[in-house]
Amino acid sequence: MSKKIMILPGDGIGPEIVAQAKAVLEAVDKKSGLGLAFEEGEIGGAAIDSSGEPLTEETLEAAGQCDAVLLGAVGGPKWDQLDRDIRPERGLLKIRSRLGLYANLRPAILYPQLADASSLKAEIVSGLDILIVRELTGGIYFGEPRGIRVLANGEQQGFNTYVYSEYEIERIARTAFEAARKRRGRLCSVDKANVLEVTVLWREVVERLAPEYPDVELSHMYVDNAAMQLVRAPKQFDVMVTGNMFGDILSDAAAMLTGSIGMLPSASLNETGFGLYEPCHGSAPDIAGQGVANPLATILSAAMMLRYSLDMDGAADLIEQAVHKVLDEGLRTADIFTQGCRKVTTAEMGAAVVNAL
Ligand code: NAD
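Keep in mind that what you see is a predicted model, and the values were worked out from it rather than measured.

Calculation criteria
- Residues numbered from 1 in each chain as written.
- Predicted model: local features only at pLDDT ≥ 70, side-chain atom pairs only at ≥ 80, totals over all residues.
- Heavy atoms only, no water.
- Helix = DSSP H or I, 4+ residues; strand = E, 2+ residues; numbered from the N terminus.
- Rg over C-alpha atoms; globule rule 2.2 N^0.38 Å.
- Buried < 20%, exposed > 50% of the residue type's maximum accessible area, 1.4 Å probe, protein only.
- Contact = heavy atoms within 4.5 Å.
- Axes fitted to C-alpha atoms, helices over the stretch in contact; angles between N-to-C directions.
- Parallel < 35°, antiparallel > 145°, perpendicular 65-115°, else oblique.
- Left-handed = near helix turned anticlockwise from the far one by under 90°.
- Nonpolar A, V, L, I, M, F, W, Y, C, P; charged D, E, K, R; others polar.
- Near = heavy atom within 4 Å.
- Polar contact = N/O pair within 3.5 Å; in protein donor to acceptor, adjacent residues only side chain to side chain.
- Domains from an automatic or database assignment.
- Buried area = accessible area lost by both parts, 1.4 Å probe.
- Salt bridge = Lys/Arg side-chain N within 4 Å of Asp/Glu carboxyl O.
- Pairing = 2+ DSSP bridges.
- Expected span 1.5 Å × (residues − 1).
- Arc of directions from axis to C-beta.

### Quick look at the overall build of the chain
Phase 1: The number of helices and strands found in the chain is 12 helices and 14 strands.
Phase 2: A compact globule built from 357 residues should have a C-alpha radius of gyration of about 21 Å, and the chain, at 20 Å, falls within 12% of that.
Phase 3: When its C-alpha atoms are laid out on the principal axes, the chain stretches across 60 × 50 × 45 Å.
Phase 4: In the chain, buried positions account for 53% of the 357 residues.

### Re the environment of Ala23
Phase 1: Secondary-structure assignment places Ala23 in helix H1 (residues 14-32).
Phase 2: Residue Ala23 is classed as partly exposed on the basis of its relative accessible area, which comes to 26%.

### Looking at the side chain of Thr242
Phase 1: Structurally, the position occupied by Thr242 is in strand S10 (residues 239-242).
Phase 2: Its relative accessible area of 1% is what places Thr242 among the buried residues.
Phase 3: Residues within four places of Thr242 in sequence aside, it is in contact with Val133, Arg134, Glu135, Val190, Trp202 and Gly247.

### Considering the packing of H1 against helix H10 (residues 296-308)
Two packed helices can be described by the angle between their axes and the distance between those axes.
Phase 1: Put simply, H1 and H10 touch, their axes get as near as 8 Å, and they point 45 degrees apart. The orientation of H1 with respect to H10, classified from their angle, is oblique. Relative to H10, the crossing made by H1 is right-handed. Listed contacts from H10 to Ile17, Val18, Gln20, Ala21, Val24, Leu25 and Val28 of H1 are Thr298, Ile299, Ala302, Met305 and Leu306.
Phase 2: A class-by-class count of the residues in the contact of H1 with H10 yields 10 nonpolar, 2 polar and no charged.

### Quick look at the site of the ligand
Phase 1: The environment of the ligand is formed by 20 residues, the closest being Val74, Glu89, Gly282, Ala284 and Asp286.
Phase 2: Within the contact set of the ligand, a nitrogen atom lies 3.4 Å away from a side-chain nitrogen or oxygen of Glu278.
Phase 3: Between a nitrogen atom of the ligand and a main-chain N or O atom of Asn294, the distance comes to 2.9 Å.
Phase 4: Its residues assigned to classes, the shell around the ligand comprises 9 nonpolar, 7 polar and 4 charged.

### Some points on the domain arrangement of the chain
Phase 1: Looking at the assigned domains, one finds that the chain contains domain 1 (1-116 + 260-357) and domain 2 (129-257).
Phase 2: Centre-to-centre separation of domain 1 and domain 2, based on C-alpha positions: 24 Å.
Phase 3: Opposite the 21 residues of domain 1 that make contact, domain 2 presents 20 residues.
Phase 4: A combined buried area of about 1800 Å² lies between domain 1 and domain 2, and 58% of that area is made up of carbon and sulfur atoms.
Phase 5: Scanning the region where domain 1 abuts domain 2 turns up 2 salt bridges.

### A few points about the pattern of salt bridges
Phase 1: Under the definition given, this model contains 23 salt bridges.
Phase 2: Note that Glu278 is salt-bridged to Arg96, the shortest N-O span being 3.3 Å. One end of the pair, Glu278, is in strand S12 (residues 275-279); the other, Arg96, is in helix H4 (residues 88-98), and 182 residues separate them in sequence. Arg96 matches Glu278 in its accessibility class, with the two residues each being buried.
Phase 3: Where Arg307 meets Asp313, a salt bridge forms, and the shortest distance between an N and an O atom there is 4.0 Å.

### A short note on the pairing of S10
Phase 1: Burial of S10 is two-sided: the residues Val239 and Val241 facing one way and the residues Met240 and Thr242 facing the other way are all buried.
Phase 2: Note: strand S5 (residues 129-135) against S10, 4 bridges, orientation parallel. In the sheet register, Ile132 faces S10, and the bridge partner there is Met240.
Phase 3: Where strand S8 (residues 186-191) meets S10, 3 bridges bridge the pair, whose relative direction is parallel.

### Notes on helix H9 (residues 244-257)
Phase 1: With 14 residues, H9 should cover 20 Å at 1.5 Å per step; its first-to-last C-alpha distance of 20 Å lies within 8% of that length.
Phase 2: Listed in full, the buried residues belonging to H9 are Asn244, Phe246, Gly247, Leu250, Ser251, Ala254, Ala255 and Leu257. Buried positions in H9, seen along its axis, are confined to an arc of 165 degrees and lie on one side of it.
Phase 3: Remark: Gly259 follows H9 within two positions and exhibits a positive phi of approximately 105 degrees.

Structure follows, in structure tokens:
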């Protein structure tokens, strides 16, 4: 039975990197007879330009009817002055919340070929393999009330609400426990329970579930310490689970440990296994249109899509092996380039992965 993938290239480098990931998917489809079908839509600034809103209801509905979504990135200076409610990022928040994509999985893997590209010493990061599980549809990014109000003295005051209910904590914790179970069996829950009541509850709920996963060793860490430990001794971590805002920040820090944000895929899943797959990075307006962006994070996101939403592990393995192969051959986009390697463009990197398949 054919599987339908909605492709949303977005803005900036989005169309460049997604084109390469699509070519890789087409190649693996041809090789393994997966029966993939593609549909394309607009999100972010591109959608604002054509329809006035960052994600139309029609596109959202069409995406929901596909088996998975592959997204590039959204945003850019062209749309920065727009009202907050119709900014490109709103399209992303809308698709995540309306499709119930509450679990964001971000692997931070240091490819041995890239140990020198990390900003940390090779011995601290080599062999790094962390999975950050971030809650994506709740917490302070969505809590109400929110806004900027004018106080009696005429001064403006900004406010947001940090809120998590038990069920939201429980389902993301279960995702993380299950993931830890399939990996090295260690889970670190990150909170700020010494200051924030919402994360006191977070810790309580995670603790409550622990007896159901006796094979997983659970620990807790305050977010400030977690940030420090990530750059001090990152290999101590296996799976980390945390809320939306802390996860946003920690996963970017973990990204840099691996040398380039251009290497990191992500998956955002709902309760049915439907997922949105996208690179961890943004639309990189500073390099858009130059053909130098690294397409590997998006290609690896496509591999995650085959594994987590389409049940095609073999095809996912093939893509990951092909990525290893091109790195072994010394091909590097500018962001991961080191002396002695061969610098390639976005399209050359994509073509090399297709060839390696
Ligand atoms: P960014 O991730 O786009 O870029 C940060 C730096 O990393 C830049 O120097 C960029 O050139 C580089 N970079 C990113 N991806 C790369 C790749 N594949 N290959 C090589 N280099 C790469 O973050 P930013 O500059 O803070 O944000 C730019 C725009 O992207 C903003 O409009 C922001 O709102 C948006 N954004 C979107 C998403 C998303 O769509 N999920 C995420 C973050 C930021």
